[in-house]
Amino acid sequence: MATSYLSLEGVSYVLPNGETLFSDLNESFDQRRTGLVGRNGSGKTVLARILSGQLQPTAGRCTRAGSVHYLAQHVSPPRDAAVADLTGVRGALDAIKRIEAGSSRQADFDAIGDQWDIAHQLRHALEQQGLSHLDAGTSVGALSGGELMRVALIGAQLSRADFLILDEPSNHLDQTSRLSLIEWLQGWHGGLLVISHDRQLLACQERIVELSSLGLHSYGGNYDLYARCKTQEQQNALADLDRARLDRRREEQSMRKQRERQEKRQARGTRCGEQANQAKILLDRQKERSEQSMGKLRRQQAGAQLALAQRVRDAAALVADDPQIHLHASVDTGVAHRHVAELDQVELPCVPPATRRINLLVRGQQRIGVLGPNGCGKSTLLRLIAGRIAPLAGVCRLTDRMAYLDQRLDVLDPRRPVLEQMQGPHHTLSEGDLRMRLAQLGLDAQRVAAPSGSLSGGERLKAALACVLYADTPPHLLMLDEPSNHLDLPSLQALERLLSNYQGALLVASHDHTFLAELRLTELLVGSADGWKLMPADALAP
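None of these values were measured; they are calculated from a predicted model.

Colleague: How would you summarise the overall build of the protein if you had to cite specific residues and measurements?
Modeller: Each helix and strand counted, the protein has 17 helices and 18 strands in total. Compactness check: the protein gives a C-alpha radius of gyration of 31 Å against a globular reference of 24 Å for 542 residues, more than 25% above the reference. With the C-alpha coordinates of the protein rotated into their principal frame, the extents come out at 120 × 70 × 40 Å. Per-residue burial over the protein gives 46% buried out of 542 residues.

Here it is in structure tokens:
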């Protein structure tokens, strides 16, 4: 495989509405495994498409050495597509069939190249991924989100590209599939750029590059080093901001004293002139000179004040916009010992036999992480407890004070502003109190007045939590299904802090072990071939 690289030279991109997404980016991506991070909306996906050649920059140029395979974040093939189409081997397989049928067209031989065993390669890759029940002709319409991503990753593996660009490749993957992805990428010998918020995946990269409003910044190490550097950068930025503010106060105090001295000298000169019975014309000239001196001093000080203010603004711009998240905890003294959910010999619909039956008792302040491979029934379990679906058998005894946030956040009407939705019949807090509580979740006045559908993923999740937690009767049981999907790192860390402060019972289904480890869980509910098992939270694998 040839040495490959991607290079950006003065690259800028302007959105159709005229907004500049990023400007003057200069960076090279080589054989090192590189993770690209940045806030939602910073332009990571647009940059990936420019690097892959799918999109042209507004200004600057992108140079590529070698072939590039780009895997988009959202895998959405046509409804009639098959596994062969999603993996990109349809052309070669069809060409082999035509040659076997007697074709001698050069185009068919060109389509195959040296991949005469591509059918065997595909079968082997499917078996390695635990997808032996699929074949080249299987329709992708019946595949789950996790299976779609795994098949698309097989396509990247079989592409024989010199450089891979993968956009959020671990989304929808269970832990086993994530570990398999990491193992494969660690053995990849070409160029690699991974856009991700998955800290487990980022920890295996050799370099982290951050995209922000300041441009691209490269950190020569994995996520752990990046996190330490970011912490130190923020400490330095805060210290610089404090110094700039202190210098401005000192300079303003010094300028005020200088003006006072000048004014005293001017007043003293006027009095001396009057007492000496100087001619009016001399007094007027003296007054004019004093006023000119004072005017010059004021202009000089105004320029200095502008420079000081600009220095403060420049220092403030380097401080991360990461407001502290505060959740108003509604403590119910009797909830700790109350049963909020009891499932007795319940059978779940549409799940494998091994995880179909469950017995579960959840008390008022248990915090349970729900784990298991794709398809074992995690989402089905949460939907059943939430009353969205009925059990096939068994008895459910559930609190009527629960909240369930699915992956689509259906609790929010995307057409209505967050503040308006929180002023409904179940919310009697004043508008001022609601605005304050939303602001303490990082949602300012502009965001709470915008349609919730226009907010970022992290903002929508915080808004949905506010709607259910700040109701007049807050839930005793809060359930969330894969809440970390599609969140950027700052939003993910804010969500961890927010959920850590929640006082009621918690059920969270997630494949992100790093995320779950930050939630102060009390137990894990794990679905496997052995059924559902409740175990201590310290059994969570890193």
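Colleague: Help me get a handle on unusual backbone geometry, residues and values and all.
Modeller: Even without glycine at this site, aspartate 24 takes up a positive phi of about 50°. Among the secondary structure elements, aspartate 24 is positioned in strand β2 (residues 20-29). The phi dihedral of arginine 520 is positive, around 55°, even though this residue is not glycine. Its location among the elements puts arginine 520 in the loop between α17 (513-517) and β17 (523-528).

Colleague: Mind laying out the pattern of salt bridges, listing which residues take part and the relevant values?
Modeller: Per the stated rule, a full pass over the model turns up 24 salt bridges. For aspartate 108, the salt bridge identified is with arginine 105, shortest N-O distance 3.4 Å. The salt bridge partner of glutamate 347 is arginine 357, with a shortest N-O separation of 2.6 Å. One end of the pair, glutamate 347, is in strand β10 (residues 339-347); the other, arginine 357, is in strand β11 (residues 357-363), and 10 residues separate them in sequence. Each member of the salt-bridge network shares a partner with another, and the members are Arg388, Asp406, Arg408 and Asp410.

Colleague: Can you tell me about the sheet that holds β10, naming the residues and giving the values?
Modeller: Within the open sheet, the three strands sit side by side as β11-β10-β13. Their pairing is antiparallel. The open sheet has two edge strands with one neighbour each: β11 and β13 (393-398). Within this sheet the neighbouring strands show an average axis-to-axis angle of 5°, counted without direction. Two strands pair when backbone bridges link them, and β10 and β13 are joined in this way by five bridges, in the antiparallel orientation. Looking at β13, one finds that aspartate 344 is bridged to valine 395. In the packing of helix α11 (residues 378-385) onto the sheet, contacts are made with β10, β11 and β13, and the angle to β10 comes to roughly 120°.

Colleague: Give me the environment of glutamate 431: which residues, what numbers.
Modeller: Tracing the backbone shows glutamate 431 in helix α13 (residues 431-439). Counting along the chain gives 397 residues from glutamate 431 to threonine 34, while the straight-line C-alpha distance between them is 46 Å.

Colleague: I'd like a rundown of helix α16 (residues 489-500), residues and numbers included.
Modeller: For α16, spanning 12 residues, the distance from its first C-alpha to its last is 16 Å, which sits close to the expected 16 Å at 1.5 Å a residue. Across the 12 residues of α16, nine count as buried, placing the element largely inside the fold. The set of residues buried in α16 consists of Leu489, Ser491, Leu492, Ala494, Leu495, Glu496, Leu498, Leu499 and Ser500.

Colleague: Give a detailed account of the environment of proline 353, specifying residues and quantitative values.
Modeller: Along the polypeptide, proline 353 turns up in the loop between β10 and β11. For the pair proline 353 and alanine 529, spaced 176 residues apart in sequence, the C-alpha to C-alpha distance is 8.7 Å.

Colleague: Please provide a residue-by-residue account of the pairing of strand β7 (residues 191-195), values included.
Modeller: Across the five residues of β7, five count as buried, placing the element largely inside the fold. Of the two faces of β7, the one carrying Gly191, Leu193 and Ile195 and the one carrying Leu192 and Val194 are both buried. Relative to β7, strand β3 (residues 33-37) runs parallel, the two sharing four bridges. Directly across from leucine 36, in β7, lies its bridge partner isoleucine 195.

Colleague: How would you explain the side chain of serine 500 if you had to name every residue and give the values?
Modeller: You can see serine 500 is positioned in helix α16. The exposure class assigned to serine 500 is buried, which follows from its relative accessible area of 14%. Engagement of the side chain of serine 500 in a polar contact is seen with the backbone oxygen of glutamate 518, the distance being 2.9 Å. With sequence-adjacent residues up to four places away left out, serine 500 is seen in contact with Arg367, Glu518, Leu519 and Arg520.

Colleague: Lay out a positive patch on the surface with the relevant residues and their values.
Modeller: Taken together, the side chains of Arg256, Lys257, Arg261 and Arg265 define a basic patch exposed on the protein surface. A relative accessible area of 39% means that arginine 256 is categorised as partly exposed.

Colleague: Help me get a handle on the pairing of β2, residues and values and all.
Modeller: Relative to β2, strand β1 (residues 5-14) is paired through six bridges, and the arrangement is antiparallel. Bridged to serine 7 within β2 is serine 28. Linking β1 back to β2 in an antiparallel pair, the connection comprises five residues, with glycine 18 at a positive phi of about 95°.

Colleague: With reference to specific residues and values, describe the packing of aromatic side chains.
Modeller: The final tally for this structure, using the stated rule, is five aromatic pairs. Measuring from ring centre to ring centre gives 5.1 Å for tyrosine 219 and tyrosine 226, while their planes differ by 85°; the resulting arrangement is edge-to-face. Taken together, the aromatic side chains of Tyr219, Tyr223 and Tyr226 make up a single cluster linked through ring pairs. The ring of tyrosine 470 has arginine 437 sitting right over it, with the charged end atom 5.0 Å from the ring centre.

Colleague: Go over the state of the cysteines with me, naming the residues and quoting the values.
Modeller: Under the criterion given, the structure shown has zero disulfides. Looking at the unpaired cysteine 204, the closest cysteine sulfur is the one in cysteine 229, lying at 18 Å. Taking the relative accessible area as the measure of exposure, cysteine 204 reaches 18% and is therefore buried. For cysteine 229, a relative accessible area of 27% gives the class partly exposed.

Colleague: I'd like a description of the packing of helix α6 (residues 145-158) against helix α7 (residues 175-186), backed by residues and values.
Modeller: Orientation of α6 relative to α7, taken along the N-to-C sense of each, is 10°, at an axis distance of 12 Å. The orientation of α6 relative to α7 falls into the category roughly parallel. Of α7, the residues touching α6 (which contributes Arg150, Leu153, Ala156 and Gln157) are Ser177, Leu181 and Trp184. Partitioned by chemical class, the residues of the contact of α6 with α7 number four nonpolar, two polar and one charged.

Definitions and limits used
Counting from 1, residues in each chain are numbered in the order their sequence is written. For a predicted model such as this one, the threshold for reporting local features is a pLDDT of at least 70, and the threshold for listing and counting side-chain atom pairs is 80 or more; totals across whole chains, interfaces and linings nevertheless cover every residue. With hydrogens and water stripped out, all remaining heavy atoms of the structure feed into the side-chain values. By definition, any uninterrupted DSSP run of H or I lasting at least four residues is a helix, any uninterrupted run of E lasting at least two residues is a strand, and each is numbered from the N terminus. Atoms considered for the radius of gyration are the C-alpha atoms alone. The globule rule reads 2.2 Å times the number of residues to the power 0.38. Only protein chains enter the area calculation, which uses a 1.4 Å probe; residues under 20% of their type maximum are buried, those over 50% are exposed, and those in between are partly exposed. Here, a salt bridge means any Lys or Arg side-chain nitrogen found within 4 Å of an Asp or Glu carboxyl oxygen. By the convention used here, strands pair only if DSSP detects at least 2 bridges between them. Axes here refer to lines fitted to C-alpha atoms; in helices the fit is confined to the stretch in contact. Angles between the N-to-C directions go from 0 to 180 degrees. The contact rule is simple, with two residues in contact once any of their heavy atoms fall within 4.5 Å. A helix is expected to span 1.5 Å for every residue after the first. Within 3.5 Å is the distance limit for a polar contact, defined as a pair of N or O atoms, with the added protein rule that one can donate a hydrogen and the other accept it, and that residues adjacent in sequence qualify only through two side-chain atoms. The residues that make up patches have over 30% relative accessible area and no salt bridge, and they are joined within 9 Å when like-charged or within 5 Å when they are Val, Leu, Ile, Met, Phe, Trp or Tyr. Where accessible areas are quoted, they stem from the Shrake-Rupley method and a 1.4 Å probe; at the residue level, only the protein chains shown are allowed to cover. Two residue types count as positive, namely Lys and Arg, and two as negative, namely Asp and Glu; His and chain ends fall outside the count. A charged residue contributes its charge at one atom only: NZ of Lys, CZ of Arg, CG of Asp or CD of Glu. The pairing test for Phe, Tyr and Trp rings, Trp by its six-membered ring, is centres within 6.5 Å, and the orientation test on the planes gives stacked under 30 degrees, edge-to-face over 60, and tilted for anything in between. Charges are assigned to positions over rings by a cutoff of 6 Å between ring centre and Lys NZ or Arg CZ, combined with an angular limit of 35 degrees from the ring normal. In this description, a disulfide is simply a cysteine sulfur pair whose atoms lie within 2.5 Å. Should an angle fall under 35 degrees it is called roughly parallel, over 145 degrees roughly antiparallel, and 65 to 115 degrees roughly perpendicular, with every other angle called oblique. In this classification, the charged set is Asp, Glu, Lys and Arg, the nonpolar set is Ala, Val, Leu, Ile, Met, Phe, Trp, Tyr, Cys and Pro, and all remaining amino acids, among them Gly, are polar.

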